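Here is what each chain is made of, one letter per residue.
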Amino acid sequence: DGGITQSPKYLFRKEGQNVTLSCEQNLNHDAMYWYRQDPGQGLRLIYYSQIVNDFQKGDIAEGYSVSREKKESFPLTVTSAQKNPTAFYLCASTERAYRVAEAFFGQGTRLTVV
Amino acid sequence: QQQVKQSPQSLIVQKGGISIINCAYENTAFDYFPWYQQFPGKGPALLIAIRPDVSEKKEGRFTISFNKSAKQFSLHIMDSQPGDSATYFCAASLTGTASKLTFGTGTRLQVTL
């Protein structure tokens with residue numbers, strides 16, 4: 001079955017650590033996105049990538065980094081510079097960058113700072 | 001700056017009732033308005049969407065009403081069922097650009113027996 005796989009489902013991070021969240025899609029979609037979800041704030045865009053080896057900052061990119069070395073993979077690194085990383089992180093993809101509304105989402109990774 | 005405002009934050013409806021969730025947007029350039037449904041611990045899934053040249057779109061028990069002059073759109077869930085209990089997000093986007101979805105803050109719907 002085609003879809004988006006995020007791993008791990010739960011992740012715990014110590015203060016000062018960098019952690020990487022995985023996102024893999026087998027939908028052959030061109031564009032991929034990372035969103036952060038906090039209670040009462042909806043989904044906010046962290047980074048997005050329209051094609052391999054290219055990505056752009058979203059609304060809240062500070063403290064995060066991404067790479068897009070392969071079409072099917074778009075990992076997100078939460079760095080120690082992110083002051084409040086505890087949140088639910090969602091990866092999404094769309095067939096083409098301009099068809100952003102028809103997004104498919106993964107099941108999410110819940111990151112907790114301990 | 002929040003470009004899409006959603007209300008109410010939470011909603012309790014009896015089984016068989018009508019659930020109504022409202023959204024208002026500021027950017028008149030938005031040209032696509034989807035609604036997403038999210039169950040706890042899961043990613044959002046596209047439910048229904050509308051473009052501003054249409055005032056209403058219906059898919060089964062779900063209807064979007066769109067008022068371009070008021071810059072508002074709403075989701076109506078007819079004959080609400082306990083299985084509809086979820087968080088609903090409205091969103092807006094600009095198609096044809098290197099763009100993104102702007103989401104509302106979400107409405108947690110609970111349908112009681």
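This one's a predicted model, so the numbers in the text were calculated from it and none came from an experiment.

So, how was this worked out
Residues numbered from 1 in each chain as written. Chains lettered and ligands numbered in written order. Predicted model: local features only at pLDDT ≥ 70, side-chain atom pairs only at ≥ 80, totals over all residues. Heavy atoms only, no water. Helix = DSSP H or I, 4+ residues; strand = E, 2+ residues; numbered from the N terminus. Rg over C-alpha atoms; globule rule 2.2 N^0.38 Å. Buried < 20%, exposed > 50% of the residue type's maximum accessible area, 1.4 Å probe, protein only. Contact = heavy atoms within 4.5 Å. Areas by Shrake-Rupley, 256 points an atom, 1.4 Å probe, with all protein chains shown as cover. Core = buried A, V, L, I, M, F, W, Y, C linked by side-chain atoms within 4.5 Å. Pairing = 2+ DSSP bridges. Axes fitted to C-alpha atoms, helices over the stretch in contact; angles between N-to-C directions. Salt bridge = Lys/Arg side-chain N within 4 Å of Asp/Glu carboxyl O.

Draft legend 1. Looking closely at the overall build of chain A. Of the regular secondary structure elements, chain A holds 0 helices and 11 strands. Counting helices and strands in the order they occur from the N terminus, chain A gives β-β-β-β-β-β-β-β-β-β-β. On C-alpha atoms alone, chain A measures out to a radius of gyration of 13 Å, which is about the 13 Å that the 2.2 N^0.38 rule sets for 114 residues. C-alpha extents for chain A along the principal axes are approximately 35 × 30 × 25 Å. For chain A, the residues scored as buried account for 48% of the 114 residues in total. Residue pairs in contact within chain A that sit at least 24 positions apart in sequence constitute 53% of those at least 6 positions apart. In the structure as shown, chain A presents an accessible area of about 5,500 Å², 46% of it carried by carbon and sulfur atoms.

Draft legend 2. Quick look at the nonpolar core. Counting residues in each nonpolar core, the largest one holds 24 residues, and the members touching the most others are F33, W35, F73, L75 and Y88 of chain B. Elements with a contribution of two residues or more to this core: β2 (10–14), β3 (19–25), β4 (33–38), β5 (45–50), β7 (62–67), β8 (72–77), β9 (86–93) and β11 (107–112) of chain B. Apart from residues lying up to four places away in sequence, L75 of chain B is in contact with S19, I20, I21, W35, L47, I48, F62, T63, I64 and Y88 of chain B. Counting residues in hydrophobic clusters, the runner-up holds 20 residues, among them V19, I46, L76 and L111 of chain A.

Draft legend 3. Seen up close, the sheet that holds strand β1 (residues 4–7) of chain B. Residues and elements named next belong to chain B. Across the sheet, 5 strands lie side by side as β1-β3-β8-β7-β6; this open sheet has antiparallel pairing. Each edge of the open sheet carries a strand with a single partner, namely β1 and β6 (56–59). Adjacent strand axes in the sheet meet at a mean angle of 15°, parallel and antiparallel pairs treated alike. Examined bridge by bridge, β6 and β7 share 4 bridges and lie antiparallel to one another.

Draft legend 4. Geometry of the pattern of salt bridges. Per the counting criterion, the structure on display carries 6 salt bridges over all chains. Where D30 of chain A meets K71 of chain A, a salt bridge forms, and the shortest distance between an N and an O atom there is 3.2 Å. Remark: K71 of chain A occurs in the loop between β7 (64–66) and β8 (76–78) and D30 of chain A occurs in the loop between β3 (19–25) and β4 (31–37); sequence separation between them is 41 residues. Classification of K71 of chain A by relative accessible area gives partly exposed; the value is 26%. Notably, a salt bridge pairs E59 of chain B with K57 of chain B, separated by 3.7 Å at the nearest N-O pair. Connected through salt bridges with shared partners, the residues D30, K71 and R96 of chain A form a single ionic network.

Draft legend 5. Molecular detail of the pairing of β11 of chain B. All names here are of chain B. Here β11 shows a buried face lined by T107, L109 and V111 and an unburied face lined by R108, Q110 and T112. Judged from the 5 bridges that link them, β2 and β11 form a sheet pairing that is parallel. Residue pairing in the sheet places I12 in a bridge with Q110 of β11. Here β9 runs beside β11; their pairing, made up of 3 bridges, is antiparallel. Note that in β11 the partner of Y88 across the bridge is T107.

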